[in-house]
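Letter by letter, the chains look like this.
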Amino acid sequence: MMSLIIGLGVVLVLFILYMIFRIGNLVGLVKGSKEGEHAGNDMHGYLFMVFMVLGLGLFGWYSYTHFDSYVLPVASEHGAITDGLFWVTMWITIIAFGLISIVMFWFTYKYRYNANRRATFYPDSHKLEIIWTVIPAIVLALLIFRGLRVWNDITSPASEDAEIVELIGQQFAWTARYPGVKDKQLGEVNYKLIDAVNEFGLDLTDKNSFDDFKSLELHLPKGKEVLLKIRAKDVLHSVFLPHFRVKMDAVPGMYTNFKFVATKSTQDMRNETGNPDFNYEMACTEICGKGHFSMRFLVVVDEPEDYEKWKAAQEPWLKQNPEYLTKVPSALREVAMIKSGIPVESEAGVSATTQTVSISN
Amino acid sequence: MATVDLHTQADVHHHDDHDHEHGHGNFWTNYIFSQDHKVIAKQFLITGMFWALIGGTMSVLFRLQLGFPDADLTWLKPLLGEWITPQGKIDTEFYLALVTMHGTIMVFFVLTAGLSGTFSNFLIPLQIGARDMASGFMNMLSYWFFFLSGVIMFISIFLSTGPASGGWTIYPPLSALPQAMSGSGLGMTLWLVAMALFIVSSLLGGINYITTIINMRTNGMSFSRLPLTIWAFFFTAIIGLLSFPVLFAAALLLIFDRSMGTSFYLSDIYINGEALPNQGGSPILFQHLFWFLGHPEVYIVILPSLGITSEIIATNSRKPIFGYKAMVGSILFITILSFVVWAHHMFVTGMNPFLGSIFTLLTLIIAVPSAVKIFNYVTTLWKGNIIFTPAMLFSIGLVSFFLSGGITGIFLGNSAVDIQLHDTYFVVAHFHLVMGAASFFGMLAGVYHWFPKMFGRMMDDRLGKIHFWFSFVGVYLVFFPMHYIGIAGFPRRYYSWTNFETFNSFADLNMLVSVAAILTLAAQFIFLFNFFYSMFRGKAAPANPWKSNALEWTTPRNPGHGNWVGEIPTVYRWPYDYSKPGAKDDYIPQTVPYSETPESNLPHENDLIKLEMEDKNAIVVDDKKH
C-alpha cells in the first residue's frame with residue numbers, strides 16, 4: 001500500500017513537472033519573438049562566475065581547515081621525501097589549475113554574447129603556442145627528474161644487513177614470516193608443500209627454515225632498514241602501509257620487494273597524534289575477492305631493542321608444529337631441533353640416530 | 001592558414017546520384033538492418049544511452065553502500081533479490097560485481113561504442129562530404145556485433161553466480177579461477193565472449209572510419225580543411241585498430257588459461273586447499289597486454305569528445321578554433337604517445353623498477369600536448385562572442401573537467417608519488433574527471449549540437465541548460481571530494497572501510513558524494529525526457545541552427561540515404577571562418593568560394609581564387625546557382 005502511494009506521488013510530481021514544462025513552452029512561444037535571439041544568455045556567464053568563486057572558495061576553505069583530517073602523518077624516511085614531491089607538485093598544479101580556471105570562467109563571462117559586438121578573428125599565434133608548450137615542458141621536466149631520482153633511491157637494492165620480513169597474502173588474510181634469530185635467513189618455500197598446517201609451504205629440507213617463525217602482526221624496528229619480501233598464495237593482493245607510503249603488489253609465482261626505514265615507533269605516533277589507541281595498519285589494495293576490504297594486518301613499530309626482544313620471544317614454526325620434524329631429512333633433524341628450540345630429550349630416539357651426522361654440520 | 005593544397009583532391013572522386021534512397025525500402029531495411037550511416041549512428045546512440053542508464057544506476061547502488069553503510073536496503077530486494085543479504089545489505093561479492101560492470105559498461109559500451117559509434121558514424125560522411133561510409137554493410141555489421149556483445153553482457157548480469165566481478169581490468173588469477181570468486185565462473189566467460197564480439201565490432205567500425213576519411217572526402221576537402229571532429233575520429237580509429245587486437249590476444253590467452261589448462265598467467269597457486277598444477281606463467285604479462293589496450297583506450301574515449309568540443313566551442317564563440325594546426329598536432333602526438341605509456345598503471349605491481357622510470361618519463365611528456373589543447377580552448381573563448389547553447393555549456397564543462405582531472409595525472413604519472421596514491425580514491429577522482437565525466441560531457445554536447453541534424457527538430461533549450469547545471473555541479477560534487485579521501489589513502493573497490501582505524505573517517509564526505517551521485521543521475525532523466533520528447537514534438541529545426549560553417553548543415557533538414565540531393569557540394573575553405581573581418585555575416589560556410597568573398601579574403605586567399613576558377617569544380621559552383 002505504502003509503495004503504491006509513493007508510486008502515485010512520483011507520477012503526480014512528474015506530471016506537474018511536465019505541465020510546467022508545457023506551459024513554459026507555450027508562454028515562450030507567445031513572448032519569444034519579442035525577447036530577441038539568445039535571451040537569457042547573460043545568465044550563464046554570471047553563473048559561471050558564481051560557480052568559479054564558490055568552487056574555488058570551497059576548495060580553499062576545505063583544504064585549509066580540514067588539512068589534518070586528510071593528510072596522514074608520515075613515518076618513513078622515503079615517505080617524507082615522496083610527500084615533499086607530492087606537495088611541490090600540488091602547489092604547481094594548484095597554481096596552474098587556479099589560473100586557468102579563473103581565466104577560462106572570466107572569459108565566458110566577459111565575452112558572453114553581445115549583438116553589437118563581433119568576435120576577434122584570431123586563428124593562431126606561433127609565439128603563444130611556443131610559450132605554452134615550452135613552459136609546461138620545463139616544469140614537467142623538473143618534476144620528472146626529481147621524481148626519478150627519488151624513485152631510483154626507493155627501488156635500489158636493500159643493504160646487506162636489512163631486516164628481512166616475508167609477507168604473504170591470501171584470501172583474505174595476511175601472514176608474516178620472519179627468518180628467525182639464529183640464521184637470519186628465510187628458508188625455502190614451495191607452494192606444493194602447502195597444507196592446512198604448513199601454510200607457508202615451508203621446505204623443511206632447507207635448514208634455514210628451522211627457526212623461521214610466523215607472526216600475525218607485522219613488527220618492524222624503528223630506524224633500521226627493512227626489506228619486505230612479498231608473495232601471494234592464490235590471487236593478486238597488494239601490501240599497503242599508508243603511514244609509511246609503502247605499496248607493492250603480492251603476486252603468486254614471484255617475489256616482489258619493498259625496502260624502507262620506519263622513523264616513528266607506534267608509541268612515538270601515539271604521542272604525536274595524541275591518540276593513545278593509535279595503531280599502524282596494513283591494508284590490501286589490489287582487488288582480491290569478496291573479503292578484499294577486510295584484509296587488515298596490525299603493524300607495530302618497536303624501538304630496536306624491544307624489537308630484538310620481541311623476535312627472541314617468538315617460537316619458531318617448527319617448534320609449534322613438531323610433527324613436521326618427520327619431513328626434515330634425518331641427517332638434519334638434530335640441527336632442526338636445536339635451531340627451532342625443541343627439547344632434544346623429548347625426541348631422544350631421533351637424536352640418537354642423527355647425532356654423528358649433525359656434528360659435521 | 002590551412003588552404004594551401006587546394007586542388008590535391010580535385011579529381012579523386014566521382015560521385016553518382018544513383019544511390020539516393022529517399023524513403024525506399026521497408027521498415028526492416030530502413031530502421032533495423034539499415035546500412036545508412038545516420039541510422040546506424042542513432043542505433044549506437046540509443047543503445048549507448050540504454051547502457052549509460054544501467055551503468056549509472058549501478059554506480060548509485062554501490063554509492064548507497066559507501067555513503068550510507070548502515071542503511072537498510074531491503075527495499076531493493078524486488079530488484080536485486082538474493083544479492084541483498086537478509087540483514088538488508090548489498091552482498092559483498094555483488095558489490096564488486098557492480099563496480100566491475102559499471103566500469104566495463106561505461107568504458108566500453110557507453111564511451112567507446114556509444115561515443116565513437118554515434119559520432120564517427122554520423123559525422124564522418126556528413127562533414128567530409130560523402131554519401132555514406134566506405135562499406136555500409138560492414139558498418140551495419142559493426143553495430144550488430146556490438147548489439148550481440150551487449151546482449152551477452154546483459155545476460156551475464158542475471159546469472160545466479162553473478163557477472164564478472166574482478167574489476168574492469170579483470171586481472172588474473174582472480175578472473176581466471178572460478179574458485180577465487182563466484183563472478184569468475186560463467187559470468188567471466190560471458191564477459192570474455194562479449195568483449196571478443198565487442199572488439200570485432202570496434203575493428204569493423206574503425207576500418208570503415210579510416211577508409212572513409214582517407215578516400216571519400218568531397219572535392220576540395222583536403223586534410224587541412226577537415227573539421228577537428230574528423231581529425232579526432234580519424235586518430236581515435238587508428239588507436240583502436242592498433243590496440244584492440246592486443247586486448248583480444250590477452251582475452252584469448254585468458255580463455256586458454258581458464259578452460260584449457262594452459263599457464264600463461266598462472267603460477268604457484270594454492271587455493272581452496274589445493275595446489276594447482278600451473279607453473280611458469282605471470283600475472284604481470286596479462287597486465288602488460290591489458291594496459292597496452294587499456295591506456296590507449298582512455299584516449300579512444302576522450303579524443304572524440306575533444307574533437308566534438310573543438311567544433312562546438314569554435315562555432316559558439318563565433319571564432320576560429322585557436323591554433324588549428326597545433327590542435328591536430330597535439331592529437332597526433334597524443335596518439336603516438338598513448339602507445340608508450342601503458343605501464344604507468346603498473347608502477348607497484350612488481351614490474352622492473354627501471355621500466356617504471358621510462359614510463360614516468362613518457363607519461364609526463366604526454367601532459368604537454370594535453371595542456372596545449374586546454375590553452376587553445378581557453379584562447380578560443382578569448383574575445384569571442386559566446387552563445388551559451390546547451391552544447392556550448394557542456395563543452396565548457398568538458399574543458400573544466402579535463403583540466404581538473406588532467407592535472408592530477410601529473411601526480412599519478414610520477415612513479416615515486418604514485419606509490420602512495422596508486423589504487424586509492426585519488427585515482428578514482430582523476431580518471432572519472434579526465435576521461436569519464438569529460439568524455440560524457442563531450443557526448444552530451446554532441447547530442448545537443450547535432451540533434452537537429454539527426455532528427456530534424458530542436459531539443460528544448462531551457463531543459464538542456466537545467467540539465468547542464470545539475471550535471472556540472474553534480475559531477476564536481478561527486479568527484480572533487482574523492483581527492484581528499486584519496487590523499488588520506490582510502491583504497492578503491494572497498495565495500496566498507498570500518499575495519500580500519502586509519503580509514504575510519506570521511507563518512508560525511510562519502511555521504512555527500514553519494515547524494516550528489518543520486519542527484520546527478522536523476523538530472524539525466526531531464527535529458528532523456530528532452531531527447532525523446534523533442535524527437536517527436538520539438539520545434540522544427542532551421543537548416544543551420546547554430547550558424548555553423550561545417551558541411552553537414554548544407555544537407556536537407558532530414559537528409560535521406562545519400563545525404564545530399566544532387567551533387568555533393570565542393571569545399572573551398574576550412575571550417576573555421578567565423579567573424580572574419582570584412583565579411584557580411586559572422587560565418588562563411590565551407591562551400592562558399594573565395595571568389596565570392598573578396599571583401600574578407602586574406603592576401604594569400606586572393607591568390608587561391610585563380611586556382612578555384614581554373615579548377616573544374618568551378619562548374620559545380622555554376623550548377624548551384626540555378
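Residues numbered from 1 in each chain as written. Chains lettered and ligands numbered in written order. Predicted model: local features only at pLDDT ≥ 70, side-chain atom pairs only at ≥ 80, totals over all residues.

Enquirer: How should I be thinking about the overall build of chain A in this particular structure?
Expert: Each helix and strand counted, chain A has ten helices and ten strands in total. A globule of 361 residues ought to have a C-alpha radius of gyration of about 21 Å, yet chain A, at 33 Å, is considerably larger. Projected onto its principal axes, the C-alpha positions of chain A cover 110 × 70 × 40 Å. Counting only residues that meet the buried cut, chain A has 37% of its 361 residues in that class. (Helix = DSSP H or I, 4+ residues; strand = E, 2+ residues; numbered from the N terminus. Rg over C-alpha atoms; globule rule 2.2 N^0.38 Å. Buried ≥ 20, exposed ≤ 12 C-beta atoms within 10 Å, placed from the backbone.)

Enquirer: It is not clear to me how the interface of chain B and chain A should be interpreted in this structure. Could you clarify?
Expert: Many analyses report the size of an interface as the accessible area lost when the parts associate. On the side of chain A, 84 residues touch chain B, which itself brings 94 residues to the contact. Class assignment of the residues belonging to the side of chain B that touches chain A gives a composition of 54 nonpolar, 28 polar and twelve charged. (Contact = placed C-beta atoms within 7 Å. Nonpolar A, V, L, I, M, F, W, Y, C, P; charged D, E, K, R; others polar.)

Enquirer: Looking at this structure, I do not really get helix H8 (residues 283–317) of chain B. What am I missing?
Expert: An α-helix turns once per 3.6 residues; consequently, residues spaced three or four apart project the same way. Residue and element names in this part refer to chain B. With 35 residues, H8 should cover 51 Å at 1.5 Å per step; its first-to-last C-alpha distance of 50 Å lies within 8% of that length. Taken as a whole, H8 carries its principal kink of about 35 degrees at Trp291. H8 sits mainly inside the fold: 31 of its 35 residues count as buried. One or two positions beyond H8, positive phi appears at Arg318, with a value near 55 degrees. (Expected span 1.5 Å × (residues − 1). Bend = angle between axes of the 7 residues up to and from the residue.)

Enquirer: Sorry, what's going on with the environment of Gly356(B) here?
Expert: Tracing the backbone shows Gly356(B) in helix H10 (residues 353–365). Not counting chain neighbours up to four residues away, the residues in contact with Gly356(B) comprise Trp151(A), Phe347(B), Met351(B) and Ser415(B).

Enquirer: How should the confidence of the model for chain B be read in this particular structure?
Expert: In low-pLDDT regions, the fine details of the predicted coordinates are not to be read closely. Residues and elements named next belong to chain B. In this model, chain B carries a mean pLDDT of 91, and residues with pLDDT of at least 70 account for 94%. In this model, residues 1–22 is a region of pLDDT below 50 whose contacts with residues beyond four sequence positions or in other chains number 42 contacts. Contacts for the low-pLDDT stretch residues 618–626, under 50 throughout, to residues beyond four places or in other chains number six contacts. Interface predicted TM-score (ipTM) for the complex: 0.91; the corresponding pTM is 0.92. (pLDDT = per-residue confidence, 0-100.)

Enquirer: How do you make sense of the packing of helix H11 (residues 367–381) of chain B against helix H12 (residues 390–412) of chain B when you look at a structure like this?
Expert: Helix packing geometry: the angle between the two helix axes and the distance between the axes. Residues and elements named next belong to chain B. The contact between H11 and H12 brings their axes to 11 Å, and the two run at 155 degrees. Comparing the axis directions of H11 and H12 gives the class roughly antiparallel. The way H11 lies across H12 gives a crossing that is left-handed. Across the interface between the two elements, Ala367, Ser370, Ile374 and Tyr377 from H11 touch Val399, Phe402, Leu403, Gly406, Gly409 and Ile410 from H12. Of the residues contributing to the contact of H11 with H12, the split by class is seven nonpolar, three polar and no charged. (Axes fitted to C-alpha atoms, helices over the stretch in contact; angles between N-to-C directions. Parallel < 35°, antiparallel > 145°, perpendicular 65-115°, else oblique. Left-handed = near helix turned anticlockwise from the far one by under 90°.)

Enquirer: So what exactly am I meant to see when it comes to helix H14 (residues 425–455) of chain B here?
Expert: Residues and elements named next belong to chain B. For H14, the principal kink sits at His449 and spans about 50 degrees; a proline, Pro452, occurs within the next four residues. Of all the 31 residues making up H14, 28 are buried; the element is thus mostly covered by neighbouring parts of the structure. Two residues or fewer after H14 comes Gly456, characterised by a positive phi angle close to 70 degrees.

Enquirer: Is there a simple way to explain the nonpolar core in this structure?
Expert: Note that soluble globular proteins tend to have their nonpolar side chains buried in a common cluster. By size, the foremost hydrophobic cluster in this structure holds 278 residues, and its most contacted members are Val239(A) and Ala438(B). With 22 residues, the single largest contributor to this core is helix H4 (residues 92–128) of chain B. Both of domain 1 (72–112 + 127–156) and domain 2 (163–360) of chain A provide at least three residues apiece to this core. Dropping the residues within four chain positions of it, Ala438(B) is found in contact with Ile302(B), Ser305(B), Leu398(B), Phe401(B), Phe402(B), Gly405(B) and Leu433(B). (Core = buried A, V, L, I, M, F, W, Y, C linked by C-beta atoms within 7 Å. Domains from an automatic or database assignment.)

Enquirer: Whenever I open this one, the sheet that holds strand S9 (residues 280–284) of chain A confuses me. Can you help?
Expert: One key point about sheets: their strands pair by backbone hydrogen bonds, in either a parallel or an antiparallel sense. Residues and elements named next belong to chain A. With mixed pairing, five strands are arranged side by side in an open sheet as S4-S10-S9-S6-S7. Two strands in the sheet have a free side with no partner beyond their single neighbour: strand S4 (217–221) and strand S7 (246–250). The average angle at which neighbouring strand axes cross in this sheet is 25 degrees, direction not considered. Relative to S7, strand S6 (residues 237–241) runs antiparallel, the two being bridged by five bridges. Bridge pairing links Phe240 to Lys247 in S7. (Pairing = 2+ DSSP bridges.)

Enquirer: I'm lost on the environment of Phe119(B) in this one. Help?
Expert: Residues and elements named next belong to chain B. Mapped onto the secondary structure, Phe119 falls in helix H4. Counting along the chain gives 74 residues from Phe119 to Leu45, while the straight-line C-alpha distance between them is 8.5 Å. If we skip the residues at most four places from it in the chain, Phe119 touches Phe233, Pro304, Ile308 and Gly446.

Enquirer: Teacher, can you tell me more about the sheet that holds strand S5 (residues 225–232) of chain A here?
Expert: Residue and element names in this part refer to chain A. Spatial strand order, S3-S2-S1-S5-S8: five strands in an open sheet with mixed pairing. Looking at which strands have only one partner, the edges of the open sheet turn out to be strand S3 (213–215) and strand S8 (256–261). Put simply, the sheet's adjacent strands are angled 30 degrees from each other on average, direction ignored. Two strands pair when backbone bridges link them, and strand S1 (residues 163–170) and strand S2 (residues 173–178) are joined in this way by five bridges, in the antiparallel orientation. Each bridged residue has a counterpart across the sheet, and for Glu166 the counterpart in S2 is Arg177.

Enquirer: How should I be thinking about unusual backbone geometry in this particular structure?
Expert: Put simply, Gln171(A) and Phe172(A) share a cis peptide bond, and its omega is -10 degrees. Assignment of secondary structure puts Phe172(A) in the loop between S1 and S2. Looking along the chain, the bond that leaves Pro172(B) and enters Pro173(B) is cis, with omega of 5 degrees. Relative to the helices and strands, Pro173(B) is located in the loop between helix H5 (136–157) and helix H6 (186–215).

Enquirer: Would you mind showing me how to read the domain arrangement of chain A here?
Expert: Residues and elements named next belong to chain A. According to the domain assignment, chain A consists of domain 1 (72–112 + 127–156) and domain 2 (163–360). Each of domain 1 and domain 2 was reduced to a C-alpha centroid, and the two centroids are 40 Å apart. Counting from both sides, the interface comprises ten residues of domain 1 and, opposite them, 13 residues of domain 2.

Enquirer: Explain the packing of H8(B) against H14(B) to me, please; I cannot follow it from the model alone.
Expert: All names here are of chain B. Running from N to C, H8 and H14 point in directions that differ by 40 degrees, and their axes come no closer than 8 Å. The orientation of H8 relative to H14 falls into the category oblique. Between H8 and H14 the crossing geometry is left-handed. Contacts between H8 and H14 involve Val298, Val301, Ile302, Pro304, Ser305, Leu306, Ile308, Thr309 and Ile312 on the former and, on the latter, Met435, Ala438, Ser439, Gly442, Met443, Ala445, Gly446 and His449. Split into classes, the residues belonging to the contact of H8 with H14 amount to eleven nonpolar, six polar and no charged.

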